[in-house]
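# Results of the structural survey
Residue-level listing of the chains:
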Number of protein chains: 2
Amino acid sequence: MKIDPKSPADLSAQIAKAIRDAILSGDLIVDERLPSEAELADQFDVSRPTVREALKRLAAQNLIRTQRGAAGGAFVRRLGYHEARAQHITTSTLLLSMNAVDFDTACEARFALERACAPLSAERRSADHLATMRAEIHRQSQPGLSDESFCDSDVAFHRALVDGAENPVLSYQLAGAVEAMQPLMNMITFTQRNRDMIVGLHTRIADAIQARNAAAADAALDELTAYTLQLGNDAMVAREKR
Amino acid sequence: MKIDPKSPADLSAQIAKAIRDAILSGDLIVDERLPSEAELADQFDVSRPTVREALKRLAAQNLIRTQRGAAGGAFVRRLGYHEARAQHITTSTLLLSMNAVDFDTACEARFALERACAPLSAERRSADHLATMRAEIHRQSQPGLSDESFCDSDVAFHRALVDGAENPVLSYQLAGAVEAMQPLMNMITFTQRNRDMIVGLHTRIADAIQARNAAAADAALDELTAYTLQLGNDAMVAREKR
DNA sequence: CGCAGTTTAATTGTCTGACATTTTGTTGAC
DNA sequence: GTCAACAAAATGTCAGACAATTAAACTGCG
C-alpha cells in the first residue's frame, strides 16, 4: 500500500484509490483484514476522519465490510452475484433515466441481448424455470391487473428466460438491460388487446423453450421486439400530443 | 428528505440511503444543489463528520459531485456513459476474479452477447469502426508483441465491433462482459499459431462487417468462440499439470 | 455611472481530541 | 476446571477549530 504525494486536495479519494487498487491487483485477499483506522492514518500520514471517509467510499462500492469490536476492523469483502446484480441494476437505471435514453435504443439493446440467451435457455432450462415462466404468464392473464404489476410480471418472466441459460455471468449482465427498462415500460398504458398479444407471444416463447426449439423462441422474441417497439412509439406519440 | 430513527449504528449509511433514494425517486434533479453539510447535519441531527461520510459514500457511487467555495456544495451528478461504463467494468472484473468464475462460463457469456451485437454492427458500422478494427488486426499481426498487448488489442477490436452497433446502451452493457474477460485471457499464453488463427478469424469478422453480411460475421464469431474456449481449456490443463 | 480590484463570506477539506459502543480476550474467584 | 467480571481494542460518533477555495459583494477610481 503506497503513499500519496502532497497533491492538492481530496486525500480521502487518493487513499480510497490506493486501497482499491490493492484489492483489484490482488495484494489484498478476500476476507483479509486491513490495518486499523489509526494505523492507516499513521501510514498515510493523515488524520483518522480522512481515513474513515476513504473507507466509507470503499464500503459504498461493496469492496469492504467493517466490523466493530476488539477483533473488528475493515475486511475485504467478497463481491457476490446478488450485490453485484443490485449495483448493476441501480447504475443502469440511473444511466437510462438521467440521460433521456430513447425507448427504441433501450428496447433494441434489451431484446438483442435477450435473444442471445434464448438458444442457451432452450438447451438448458430446468423445469423450475419453465414453471416460473408459466406462472408469470398466468399472472399476466388475470383481469384487473394494474399496469405496474403487469410490468413486474413481464420482468419476472424475462428474468426466468435469462436464468434458464444457467450462466450466472449472463444473468448478471442481462439484469442491467432487462430491469433498467422497467421505468420506461411503466410509461406505457397496456390495453387488454396489448396484454393479450404479449401473453400470446410469451406463451409461444415458453412453448419453444419447453420444446427446446431455439429457432421458434428466436422468432417469437423477434415479434415481441417489434411489438414492444411499436407500443413504445405509440406511447411516445400519445405523450407528445398531450 | 426524511429523518432516521434512533436505530443503533451506521447513521452515515442511513443518511446516504435517504439521499440516494431522493435522487433515485427524482426528488433531487440533476445539477441540483444539496443543502450544505452544516444544514444537513442539522436536519438529520448528527454531526458534520457523519454527514461527510454519507456524502463520500454517494460520491464514490458517482451520484454527487462536490465543489468548494462560496457557491460550492454537493450537486447531483449526471451519470454519464463513461463513468457508468468504468463502474460496470470494475464491478464485473471483481465479480469474476473474486468468485472463481470458470473460463467457459465467462467466455460463453461474452461471445453470446457479442453475437447479439454483430447483426446490428453489420448494418450500421461506420468507416471509423471498420478502420479501428483493421488497425487492431494489424497490431495483432506484428511479431514480438507481448501476450498482454495482444490481449489489449483483442479487447480493442471487439470493442470496436460492439460500438459499431451504434447503440450506447448496448456498448455499456457489453463493456462489462468484454473487458472483464481480460484478466482471464491474460492467463493464456498465445503461440504464434494461436495468433495467426485469431487474426484470421478477426479478418473474417471485419470482412463480414464491411460487407454488411451478418450471417458471415455470426459464423466467424461462432468459430472464434469455439477456438477461444479450446485455448482456455488447454491453458487450464497446462496450469493444473504444473 | 461603469468597471476593476479588493474584501468578505460561505463552504468544503482536514485536523485534534474526546467519548460511546461493541466485541474479544484475559484474568481471577470459586 | 469453569464461569463471570473486567480490560483492551476497534469502530462509531461528536464537538470545535483552522485552512483552502471560490463566488459574490463592496469599494474606489476614472
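Computed from a predicted model, the values in this text were never measured in an experiment.

### Some thoughts on the packing of helix α5 (residues 103-124) of chain B against helix α7 (residues 147-163) of chain B
All names here are of chain B. Running from amino to carboxyl end, α5 crosses α7 at an angle of 45°, the nearest separation of the two axes being 8 Å. The angle between the axes of α5 and α7 places the two elements in the oblique class. Residues Arg 110, Phe 111, Glu 114, Cys 117 and Ser 121 of α5 form the contact with α7, whose participating residues are Asp 154, His 158, Leu 161 and Val 162. Counted by class, the contact of α5 with α7 contains four nonpolar, two polar and three charged residues.

### What about the pattern of salt bridges?
According to the stated counting rule, one finds 34 salt bridges over all chains in the structure shown. Where Arg110(A) meets Asp154(A), a salt bridge forms, and the shortest distance between an N and an O atom there is 3.5 Å. Of this pair, Arg110(A) sits in helix α5 (residues 103-124) while Asp154(A) is found in helix α7 (residues 147-163), placing the two residues 44 residues apart along the sequence. Across this residue pair, the class does not change: Arg110(A) and Asp154(A) are buried. For Arg139(B), the salt bridge goes to Glu136(B), with nearest N and O atoms at 2.9 Å. Here the residue Arg139(B) and the residue Glu136(B) both occupy positions in helix α6 (residues 127-141), the gap between them amounting to three residues, near one helical turn. Exposure remark for Glu136(B): the relative accessible area of 13% places this residue in the buried category. Overlapping salt bridges bring together Glu37(A), Arg48(A), Arg52(A) and Glu53(B) as one network.

### Here we look at the packing of helix α3 (residues 48-60) of chain A against helix α3 (residues 48-60) of chain B
Running from amino to carboxyl end, α3(A) crosses α3(B) at an angle of 45°, the nearest separation of the two axes being 8 Å. In terms of orientation, α3(A) lies oblique with respect to α3(B). Crossing hand, α3(A) versus α3(B): right-handed. Counted together, Arg52(A), Glu53(A), Lys56(A), Arg57(A), Ala59(A) and Ala60(A) of α3(A) and Arg52(B), Glu53(B), Lys56(B), Arg57(B), Ala59(B) and Ala60(B) of α3(B) form the full contact between these two elements.

The rules behind these values
Residues numbered from 1 in each chain as written. Chains lettered and ligands numbered in written order. Predicted model: local features only at pLDDT ≥ 70, side-chain atom pairs only at ≥ 80, totals over all residues. Heavy atoms only, no water. Axes fitted to C-alpha atoms, helices over the stretch in contact; angles between N-to-C directions. Helix = DSSP H or I, 4+ residues; strand = E, 2+ residues; numbered from the N terminus. Parallel < 35°, antiparallel > 145°, perpendicular 65-115°, else oblique. Contact = heavy atoms within 4.5 Å. Nonpolar A, V, L, I, M, F, W, Y, C, P; charged D, E, K, R; others polar. Salt bridge = Lys/Arg side-chain N within 4 Å of Asp/Glu carboxyl O. Buried < 20%, exposed > 50% of the residue type's maximum accessible area, 1.4 Å probe, protein only. Left-handed = near helix turned anticlockwise from the far one by under 90°.

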